[in-house]
Amino acid sequence: MASHIKKGDIVEIIAGACKGATGRVLRVIPQKQGVVVQGQNIAKKHVRPSRKNPQGGRINVERPIHISNVLPVNPKSSKGSKVRYQVNADGSKKRVAIDGSEIGIVKRVKE
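In short, a report on the structure. (Residues numbered from 1 in each chain as written. Predicted model: local features only at pLDDT ≥ 70, side-chain atom pairs only at ≥ 80, totals over all residues. Heavy atoms only, no water.)

## Describing the overall build of the protein chain
Going by this rule: Note on conventions: DSSP H or I runs of at least 4 residues are helices, E runs of at least 2 residues are strands, and numbering of each starts at the N terminus. The reference for a compact globule is 2.2 Å times residues^0.38; the radius of gyration itself is calculated from the C-alpha atoms. Three exposure classes are used, based on accessible area relative to the maximum for each residue type with a 1.4 Å probe and protein chains only: buried under 20%, partly exposed in between, and exposed over 50%.
The helix and strand tally for the protein chain stands at zero helices and 10 strands. Scanning the protein chain from its N terminus toward the C terminus, one meets helices and strands in the order β-β-β-β-β-β-β-β-β-β. For the protein chain, the C-alpha radius of gyration of 17 Å lies well beyond 13 Å, the compact-globule estimate for 111 residues. When the backbone C-alpha atoms are referred to their principal axes, the protein chain occupies close to 60 × 35 × 20 Å. Counting all 111 residues of the protein chain, 28% fall into the buried class.

## Quick word on the pattern of salt bridges
The following threshold applies: A pair is scored as a salt bridge if a Lys or Arg side-chain nitrogen falls within 4 Å of a carboxyl oxygen belonging to Asp or Glu.
Under the counting rule described, the total for this entry stands at two salt bridges. Here Arg95 and Asp9 are joined by a salt bridge, their closest N and O atoms 2.8 Å apart. Here Arg95 is found in strand β9 (residues 93-97), whereas its partner Asp9 is found in the segment before β1 (10-13), with 86 residues between them in sequence. Classification of Arg95 by relative accessible area gives buried; the value is 2%. With a closest N to O distance of 3.4 Å, Glu102 and Lys94 form a salt bridge. The exposure class of Glu102 is partly exposed, given its relative accessible area of 39%. Assessed through its relative accessible area of 19%, Lys94 is described here as buried.

## Here we look at the nonpolar core
For clarity, the cut-off: Put simply, a nonpolar core is a bunch of buried Ala, Val, Leu, Ile, Met, Phe, Trp, Tyr and Cys residues held in one set by side-chain atoms that sit within 4.5 Å of each other. Residue contacts follow a heavy-atom distance rule, with two residues in contact if any of their heavy atoms lie within 4.5 Å.
Membership of the largest hydrophobic core is limited to nine residues, which are Ile5, Val11, Ile13, Val25, Val35, Val37, Ile65, Ile67 and Val70. Only β1 and β3 (34-37) provide two or more residues apiece to this core. Setting aside anything within four residues of it in sequence, one finds Val70 in contact with His4, Ile5, Val11, Glu12, Ile13, Ile14, Val35 and Ile65.

## Quick word on the sheet that holds strand β2 (residues 22-29)
The following threshold applies: Each pair of strands is called paired provided DSSP finds at least two bridges between the two strands.
Taking strand neighbours across the sheet as the criterion, the five strands line up as β6-β3-β2-β1-β7 in an open arrangement whose pairing is antiparallel. In this open sheet, the two edge strands, each paired with only one partner strand, are β6 (65-66) and β7 (70-72). Note: β1 against β7, three bridges, orientation antiparallel. Residue pairing for β7: Glu12 is matched across the bridge by Leu71.

## Quick look at the pairing of β2
In the sheet, β1 pairs with β2 via three bridges, with the strands oriented antiparallel. Residue pairing across strands places Glu12 opposite Thr22, the latter belonging to β2. Relative to β3, β2 is paired through four bridges, and the arrangement is antiparallel. Residue Val28 lies in a different strand from β3, and its bridge partner there is Val35. Turn length for the β2-β3 hairpin, with the two strands adjacent in sequence and antiparallel, is four residues, and the turn residue Gln33 shows positive phi of about 55°.

See below:
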């Protein structure tokens, strides 16, 4: 399924417990239609002692948020904005916010 969110995007969360918060996308999970946002939707995970974590105990991990609950942040207004796609004359494709400001290039032209 095509996604309006990419890894590295700054997004605003529009629903759930973290509503109104912004953060960078660490991972996109297309199979479950989710995104992991840095510092948001934190949960405790119980881990056994291991070489990486010799004490064991509880650690904080970021859990996925459904992709429909986040919007890419518009660089002009610094708020979440819906996205549309625009194809240039040379064949490249880019994401554009509703007000017309460019959010990022999706597909470059092969030369």
